[in-house]
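Secondary and tertiary structure notes
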Amino acid sequence: MAKTQLNVRVDEGTARAARERALERGMSVNRYIEELVRQDTGEVGHTFVEAAADFMKQYESVFAEEFGADREGTREGRR
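Residues numbered from 1 in each chain as written. Predicted model: local features only at pLDDT ≥ 70, side-chain atom pairs only at ≥ 80, totals over all residues. Heavy atoms only, no water.

By the naming in an unreviewed UniProt entry, the protein chain is Toxin-antitoxin system HicB family antitoxin, taken from Streptomyces dengpaensis.

Encoded structure:
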């Protein structure tokens, strides 16, 4: 994949934090920022949402027993 240079101005505290976190993770600041952007644009978020949906489906009966079936119609804006 071709790379594009992006210059960003941040305060010294933010720059220091980025350098420290990248170092802790054993990666360049560039790679660290790339990963943050990917996470923010949803690649990781989609995986989380899918896992949460699977969890809810798997334990739906447990939640229904605990919280009651009368709350069934309150999802997705239905009341």
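Moving on, we come to the pattern of salt bridges. Overall, the coordinates contain four salt bridges when judged by the stated rule. Across the pair E34 and K3 runs a salt bridge whose closest N-O atoms are separated by 2.8 Å. Here the residue E34 occupies a position in helix α2 (residues 29–40), and K3 occupies one in the segment before α1 (12–25), the gap between them amounting to 31 residues. Note on E34: relative accessible area 22%, which makes it partly exposed. (Salt bridge = Lys/Arg side-chain N within 4 Å of Asp/Glu carboxyl O. Helix = DSSP H or I, 4+ residues; strand = E, 2+ residues; numbered from the N terminus. Buried < 20%, exposed > 50% of the residue type's maximum accessible area, 1.4 Å probe, protein only.)

Turning next to a nonpolar patch on the surface. Residues F55, M56, Y59, V62, F63 and F67 make up a contiguous nonpolar surface patch of roughly 550 Å² in combined accessible area. Of all the elements in the fold, those that place two or more residues in the nonpolar patch are α3 (43–58) and α4 (60–67). Tallying contributions element by element places α4 first for the nonpolar patch, with three residues. For V62, a relative accessible area of 48% translates into the label partly exposed. (Patch = residues over 30% accessible without salt bridge, like charges linked within 9 Å, V, L, I, M, F, W, Y side chains within 5 Å. Areas by Shrake-Rupley, 256 points an atom, 1.4 Å probe, with all protein chains shown as cover.)

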